[in-house]
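Structural features, examined
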Amino acid sequence: MLLAIKTPEDLDIPKVLAIYRSDSLENCQGMFPEEPTPEAALARYEAGYTAFMQNEFFARPGRLWMVETADGLWASALRLLPFEGPNTWKVEALATHPDHRRQGYAARLLTDTIRYLEENHGEITLLSDVGKRNAASLQAHLRGGFVREKETWTEDGETTGRRCTMAYRSSR
C-alpha cells in the first residue's frame, strides 16, 4: 500500500531511518571519520538526517515522501521534489529495507507513485539519477516504467561517479 506523506508530523522517522540504516552505516564513516566507531558515526548522521526531515525537507512546498508498505511495515521509500517545468518531480533517495529487498517493492513504489501523481496532476514527468553500477536500482526503475535518458559524470563528494538519468513521462 502506498503512503503519500506531506507533513513532518506524518513522517514516522524511526521507520524511515530503518529503511536507510544499512546504506547509512556503509556511508557515514567516510562522512564522519573523526568518530571512534561506526555506530557513533551512524548516530551523528541519523541525528542530522532527522533534523533535515523535521525542519528542512517539508519547508519547501510540494515535497513528498512516498512509502510502500508490506503488511503494515515500511518496505521502501523515496523523496519527491518539484523540479523544473510543470508537473515535473525529481526522485531522490529510493531505498528498500534490507528485509524486503529483491521482492519488487522499489519497482512497486515507483509504479504506485506514478499512479498517485497522474491521478492528482494529470500528465507528469519524473526524473531520477541512479548510479550506473547500481543494478538493483536501475532494474527497479525500468520495471517501474522509466527509461534511460542520459549518462553523466558527477563529482559532488557524495555521488561521485557515472550516473544514469532515468525518466518517466506520461503518454496520455
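Let me begin by describing the structure that accompanies this report. (Residues numbered from 1 in each chain as written. Predicted model: local features only at pLDDT ≥ 70, side-chain atom pairs only at ≥ 80, totals over all residues. Heavy atoms only, no water.)

**Examining the side chain of H100**
In plain terms, the rule: Helix and strand labels come from DSSP, where a helix needs a run of H or I of at least four residues and a strand needs a run of E of at least two; each type is numbered from the N terminus. Only protein chains enter the calculation, and the probe is 1.4 Å; a residue is then buried if its accessible area is under 20% of its type maximum, exposed if over 50%, and partly exposed in between.
Tracing the chain through its elements places H100 in the loop between strand 4 (88–96) and helix 3 (105–121). When its relative accessible area of 13% is taken as the criterion, H100 is described as buried.

**Thoughts on the environment of R102**
Along the chain, the position of R102 falls in the loop between strand 4 and helix 3. Sequence separation of R102 and T7 is 95 residues, and the distance between their C-alpha atoms is 29 Å.

**Re the nonpolar core**
Rules: The definition of a nonpolar core used throughout is a set of buried Ala, Val, Leu, Ile, Met, Phe, Trp, Tyr and Cys residues joined through side-chain atoms within 4.5 Å. For this analysis, residues touch if any pair of their heavy atoms sits within 4.5 Å.
In this structure, L80, L126 and F146 are the most contacted members of the largest nonpolar core, which totals 22 residues. Secondary-structure elements contributing two or more residues to this core are strand 2 (64–70), strand 3 (73–82), strand 4, helix 3, strand 5 (125–131), helix 4 (135–143) and strand 7 (161–169). Counting residues per element, this core draws most heavily on helix 3, which supplies 7 residues. Excluding anything up to four places from it in sequence, L80 contacts F57, G62, R63, L64, M66, W89, K90, V91, T113, L117 and L126. If you look at the next biggest cluster of nonpolar residues, it comprises 17 residues, including I13, L17, V67 and A77.

**Here's the deal with the packing of helix 3 against helix 4**
Selection criterion: The axes used here are C-alpha line fits, helices contributing only the stretch in contact, and every angle between their N-to-C directions lies in the interval 0 to 180 degrees. Working definition: roughly parallel below 35 degrees, roughly antiparallel above 145 degrees, roughly perpendicular at 65 to 115 degrees, and oblique for all remaining angles. Each crossing gets its handedness from the near helix: less than a right angle anticlockwise from the far helix is left-handed, clockwise is right-handed. Under the scheme applied here, ten amino acids are nonpolar (Ala, Val, Leu, Ile, Met, Phe, Trp, Tyr, Cys and Pro), four are charged (Asp, Glu, Lys and Arg), and all others, including Gly, are polar.
Closest axis-to-axis distance for the helix 3/helix 4 pair is 8 Å, and the angle between their directions is 40 degrees. The angle between helix 3 and helix 4 falls in the class oblique. For helix 3 against helix 4, the interelement crossing comes out right-handed. Two secondary-structure elements touch here, helix 3 through A106, A107, L110 and T111 and helix 4 through A140, H141 and R143. For the contact of helix 3 with helix 4, the per-class residue count stands at 4 nonpolar, 2 polar and 1 charged.

**Comments concerning the side chain of K90**
Spelled out, the test is: In protein, a polar contact means a hydrogen-donor-capable atom and an acceptor-capable atom, both N or O and within 3.5 Å, with residues adjacent in sequence counting only if both atoms are side-chain atoms; elsewhere, any N or O pair within 3.5 Å suffices.
Structurally, the position occupied by K90 is in strand 4. A polar side-chain atom of K90 sits 2.7 Å from a polar atom in the side chain of D129. Other than its neighbours up to four places away in sequence, K90 contacts R79, L80, L81, F83, L127 and D129.

**Here we look at unusual backbone geometry**
Positioned with a positive phi, D71 is a non-glycine residue whose angle comes to about 55 degrees. Tracing the sequence through the fold places D71 in the loop between strand 2 and strand 3. Looking at D71, the relative accessible area reads 83%, which means it is exposed. Backbone geometry places N87, a non-glycine residue, at a positive phi of 50 degrees. By secondary structure assignment, the location of N87 is in the loop between strand 3 and strand 4.

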